[in-house]
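# Per-entry structural report
Residue-level listing of the chains:
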Protein chains: 4
Amino acid sequence: MSMELAESMLLERGVSVSAIADIVFQLQQKYHPDLTLAACENSVRAVLGKREVQYTLFTGIALDKLAESRLLPEPLQSIMDQDEPLYGVDETLALGVTSIYGMIGLTSFGYLDKEKIGVIHTLNEDRKSVHVFLDDLVAGIAAAASSRIAHNDPGAASYTSSTD
Amino acid sequence: MSMELAESMLLERGVSVSAIADIVFQLQQKYHPDLTLAACENSVRAVLGKREVQYTLFTGIALDKLAESRLLPEPLQSIMDQDEPLYGVDETLALGVTSIYGMIGLTSFGYLDKEKIGVIHTLNEDRKSVHVFLDDLVAGIAAAASSRIAHNDPGAASYTSSTD
Amino acid sequence: MSMELAESMLLERGVSVSAIADIVFQLQQKYHPDLTLAACENSVRAVLGKREVQYTLFTGIALDKLAESRLLPEPLQSIMDQDEPLYGVDETLALGVTSIYGMIGLTSFGYLDKEKIGVIHTLNEDRKSVHVFLDDLVAGIAAAASSRIAHNDPGAASYTSSTD
Amino acid sequence: MSMELAESMLLERGVSVSAIADIVFQLQQKYHPDLTLAACENSVRAVLGKREVQYTLFTGIALDKLAESRLLPEPLQSIMDQDEPLYGVDETLALGVTSIYGMIGLTSFGYLDKEKIGVIHTLNEDRKSVHVFLDDLVAGIAAAASSRIAHNDPGAASYTSSTD
């Protein structure tokens, strides 16, 4: 099954579902005091269950691995070697992931991509591997999983045409 | 409930769920020979059940109605009166709707927005009302409902790490 | 001219070009030690010179003002009164602004939208006015102006097919 | 220079600037009767001059070529071999290109991606090469170049706060 494949690919690259769930928990805890880590893991798995997320992960991780094996044509190989800050294809792919639960996730994505919380920091410090795409994709998955929790909260407001 | 509200708002503006389902059927029939109109209606209702779609509809329809009542501040009132072709906020809102089932929907959205099939054509010909936002949002909803059908097709390919 | 109009509309809502430039300066200073506030103001004005940015500003500010005048139809009026956290149309409009200089701006946008630096904080604390859209749009403009500075830096890498 | 590199890469994959300009001409001719092919070529070159467009092209073409050389890890290799219709990363990358001149380009992008006009059709019929990314990127570049022409038209409306 594709979701198990996505999970095992992430793990092989050093990212567990529970590590992503930790980030989600940090983002959402203050808004949802009863939130559990298990609920965050569920939400991450729901995101990983989406085919478009899986396909994006397959693509980004393939590019990271090909860069490690130095199999990318130039100038892409050099751009990835230097984690060129003006290269925005990683953010573009992450947008495709984050937007699946609506654009409210863009804020969390940008924040995580800047602050590099949890496993995103670990990926960023790892000098032996290339994670140009993976750090953004993990931020995008965590942002999407956070949006999903926000949308599913039974306490979330529901609006009708009447105002009372 | 918000979905019923979204449906009744659309109806009040001349767009029924079945009219959107007709567009979806035209888009998807050749790829899914067993597709029924009822399945298309289900898919449209699933899209309308998403909070972010409802909120976007509330916003776009409000702008259309305020333009009709001439309550918008200038220069927005003039821009909407002339359905200014360089105004892209309607496409931006539609992107937010379409992307909910992944970016594969962008193709259908653009095609519908250009070809103006079915009720999108009717909206476009209606000289008595302002539908600057609604025609794009209907195209976005139809595109998202089409993507949803494509993703849910039990015949859709599933990829694992083995190639056989 | 439309740019002057955009500037004066922002000012009327409490946001000066130099206040946005201050945010850009805070974001970019560490990457560009020679950066001046004047260069940041130039960059903000270049962003405001784009028609799609102006049109998005006209739309977002109109919605904020109509909410203040209580002229929006329900349930949109209630959603804006409560600055409903699941309402994502403001982020969607900001994406349209930010993406004009490429998706690298998404990170800055999300960070600013979360951390609420400078005038974004002021807008957020203002209890007398509605700034549901404006705070996101200012973050989007600042993010785009930052991307523009990064792209225009003469020290930015240029890649050719040769790697030396 | 990176733009020449982008141009020569496109040419090596069977796409000339003038072939993209032909598509732009077909899209824009009816709105701009004085439009020349030379102006369309200029506009395509302006799009190719943007770093984010170049970087996206380098990435998409690399993925196409690696698929041809069968160097992609599974399951990505199989997904690209079959030009899997539910794979949306190509549309996501194209969005990054198209949005550079605002979201009005989404309509043209979707239309071109569906109708496969000119060289997009040729790429699609080419059974000897893999063009999963290139056909979408060419559609995205043509859509962006069309938006640019529309924005630069001296006859385009300009709105001020006065309505006369």
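In this text the structure is predicted, and so the values were computed from the model without any measurement.

## A closer look at the environment of alanine 62 of chain A
Structurally, alanine 62 of chain A is set in helix H4 (residues 51–68). What makes alanine 62 of chain A buried here is its relative accessible area of 1%. Beyond its immediate stretch of four places on either side in the chain, alanine 62 of chain A contacts Leu57 of chain A together with Pro73 and Leu76 of chain D.

## Thoughts on the environment of valine 132 of chain B
All names here are of chain B. Turning to its location among the elements, valine 132 is positioned in the loop between helix H8 (119–125) and helix H9 (134–152). According to the relative accessible area criterion, valine 132 is buried, its value standing at 3%. C-alpha of valine 132 to C-alpha of isoleucine 79: the two residues are 53 residues apart in sequence and 9.8 Å apart in space. Beyond its immediate stretch of four places on either side in the chain, valine 132 contacts Asp64, Met80, Asp83, Tyr87 and Asp90.

## Here we look at the relation of the copies chain A and chain D
Structural alignment of chain A on chain D gives an RMSD of 0.0 Å, achieved by rotating through 180 degrees and translating 0.0 Å along the axis. Put plainly, the chains are arranged around a two-fold axis. With an isologous cut-off of 70% or more, the 100% of interface residues of chain A that recur at the interface of chain D puts this contact in the isologous class.

## Points about empty space enclosed by the protein
This model, assessed by the stated rule, comprises four cavities of 30 Å³ or more. Considered as a void within the structure, the largest cavity measures approximately 110 Å³ in volume. What lines the largest cavity is a set of 15 residues, and nearest its centre among them are Gly88 and Thr92 of chain A, Met103 of chain C together with Glu52 and Thr56 of chain D. The set of elements that each furnish at least two residues to the lining of the largest cavity consists of helix H6 (89–98) of chain A together with helix H4 (51–68) and helix H6 (89–98) of chain D. Considering every element that reaches the lining of the largest cavity, the biggest residue donor is H4 of chain D, with three residues.

## Some words on the environment of methionine 80 of chain A
Residue and element names in this part refer to chain A. Position of methionine 80 among the secondary structure elements: in helix H5 (residues 76–81). Take methionine 80: its relative accessible area is 2%, and that puts it in the buried class. Residues methionine 80 and glutamate 68, twelve residues apart in the sequence, show an inter-C-alpha distance of 9.2 Å.

## Digging into the interface of chain C and chain A
Contacts between the two partners involve 33 residues from chain C, matched on the other side by 33 residues from chain A. Looking only at chain C, the three residues that lose the most surface to chain A are Leu86, Lys114 and Tyr159 of chain C, adding up to 25% of its buried area. For the interface between chain C and chain A, the tally reads zero salt bridges. Elements represented by at least two residues in the side of chain C that touches chain A include exactly helix H5 (76–81), helix H6 (89–98), helix H7 (105–115) and helix H9 (134–152) of chain C. Per element, the largest residue contribution to the side of chain C that touches chain A is eight residues, and it comes from H7 of chain C. Its residues placed into classes, the side of chain C that touches chain A shows 17 nonpolar, ten polar and six charged.

## A look at the UniProt feature "domain: YutG/PgpA" (unreviewed entry) in chain A
In the UniProt entry, the feature "domain: YutG/PgpA" (unreviewed entry) is given for residues 20–150 of chain A. The span residues 20–150 of chain A is 69% helical and 0% strand by assignment, and the distance between its end C-alpha atoms comes to 16 Å.

## Examining the interface of chain A and chain D
Between chain A and chain D, the contact holds 25 residues from the first and 25 residues from the second. A combined buried area of about 2,000 Å² lies between chain A and chain D, and 84% of that area is made up of carbon and sulfur atoms. At the junction of chain A with chain D, the criterion picks out zero salt bridges. At the junction of chain A and chain D, the tally comes to two residue pairs in polar contact (both at pLDDT 80 or more). Contributing elements (two or more residues each) for the side of chain A that touches chain D: helix H1 (2–12), H4, H5 and H6 of chain A. When residues in the side of chain A that touches chain D are grouped by element, the largest group, eight residues, is from H4 of chain A.

## Notes on the relation of the copies chain C and chain A
Between the two copies, chain C and chain A, the superposition gives an RMSD of 0.0 Å; the rotation angle is 180 degrees and the shift along the axis is 0.0 Å. Mapped onto chain A, 100% of the interface residues of chain C again fall at the interface, so both copies present the same surface.

## Some words on the side chain of histidine 151 of chain A
Examined against the element boundaries, histidine 151 of chain A turns out to sit in helix H9 (residues 134–152). Relative accessible area serves as the criterion here: at 13%, histidine 151 of chain A is assigned to the buried category. A distance of 3.3 Å separates a polar atom in the side chain of histidine 151 of chain A from the backbone oxygen of tyrosine 101 of chain A. Engagement of the side chain of histidine 151 of chain A in a polar contact is seen with the side chain of arginine 51 of chain B, the distance being 3.0 Å. Contacts of histidine 151 of chain A, omitting those with residues within four sequence positions, involve Tyr101 and Ile104 of chain A, Arg51 and Glu52 of chain B together with Leu86 of chain C.

Conventions adopted
Residues numbered from 1 in each chain as written. Chains lettered and ligands numbered in written order. Predicted model: local features only at pLDDT ≥ 70, side-chain atom pairs only at ≥ 80, totals over all residues. Heavy atoms only, no water. Helix = DSSP H or I, 4+ residues; strand = E, 2+ residues; numbered from the N terminus. Buried < 20%, exposed > 50% of the residue type's maximum accessible area, 1.4 Å probe, protein only. Contact = heavy atoms within 4.5 Å. Least-squares fit on C-alpha atoms with pLDDT ≥ 70 in both. 1 Å grid on protein atoms, 1.4 Å probe; cavity = no way out; pocket = protein on both sides within 12 Å on 5 of 7 lines; lining within 4 Å. Points joined across faces, edges and corners; volume = space filled by probe spheres on them. Buried area = accessible area lost by both parts, 1.4 Å probe. Salt bridge = Lys/Arg side-chain N within 4 Å of Asp/Glu carboxyl O. Nonpolar A, V, L, I, M, F, W, Y, C, P; charged D, E, K, R; others polar. UniProt positions renumbered as here; feature names shortened; annotations may be inferred. Polar contact = N/O pair within 3.5 Å; in protein donor to acceptor, adjacent residues only side chain to side chain.

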